[in-house]
Amino acid sequence: MKPTILIAALALGACATTKPSESAPALADSCDTSILAALVGRPFSAAVEAEAKKQSGLTNVRVIRPGMAVTMDFQPGRLNIDLDEKGVVTGFRCG
């Protein structure tokens, strides 16, 4: 096989999508952060994070502070906790 054909075949193979695991929950469709509304307005702490994990059922958490650089990758099983400049929880998002 010619090297250029091999490279093209490998590149196309890298673009192939895989079907999600049957055992993985469909969090993207069922993620509802409204259940965390009572935590909005509270100063962020380990206890607030633990309660958010417990109520949401998500264990992968990312705390986002103002001006903080974050990746734009979407991870349905990740809970984003948005804080203001004083460290107070302003909201929750999935992804």
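Structure's up top.
Per chain, residues are indexed from 1 in the order of the written sequence. Totals for whole chains, interfaces and linings use all residues, but because this is a predicted model, local features are given only for residues with pLDDT of at least 70 and pairs of side-chain atoms are given and counted only at 80 or more. Side-chain calculation: all heavy atoms of the structure are included, whereas hydrogens and water are not.

> Just give me the short version of the nonpolar core, but keep the residues and values in it.
By convention a nonpolar core is built from buried Ala, Val, Leu, Ile, Met, Phe, Trp, Tyr and Cys residues, the set being connected through side-chain atoms within 4.5 Å. Three labels apply to residues, based on accessible area from a 1.4 Å probe with only protein chains included: buried if under 20% of the type maximum, exposed if over 50%, partly exposed otherwise in between. Counting residues in hydrophobic clusters, the biggest one holds 12 residues: Leu36, Leu39, Val48, Ala52, Leu58, Val61, Val63, Leu79, Ile81, Leu83, Val89 and Phe92. In this text, helices come from DSSP runs of H or I with a minimum length of four residues, and strands from runs of E with a minimum of two, each type numbered from the N-terminal end. At the level of secondary structure, the elements contributing two or more residues to this core comprise α3 (46-56), β1 (60-64), β2 (78-83) and β3 (89-94). Two residues form a contact once any of their heavy atoms are found within 4.5 Å. The contact partners of Phe92, leaving out residues within four places of it in the chain, are Thr33, Leu36, Leu39, Val40, Ala52, Leu79, Asn80 and Ile81.

> Could you give an account of the pattern of salt bridges, naming the residues involved and the relevant values?
In what follows, salt bridge is the name for a side-chain nitrogen of Lys or Arg lying within 4 Å of a carboxyl oxygen of Asp or Glu. This model, assessed by the stated rule, comprises three salt bridges. Two residues, Arg78 and Asp73, come together in a salt bridge whose shortest N-O distance is 3.5 Å. With relative accessibility at 6%, the residue Arg78 sits in the buried group. Using a relative accessible area of 32% as the deciding quantity, one classes Asp73 as partly exposed. The shortest N-O distance in the salt bridge between Asp82 and Arg93 comes to 2.8 Å. Note that Asp82 is positioned in strand β2 and Arg93 in strand β3, a separation of 11 residues in sequence.

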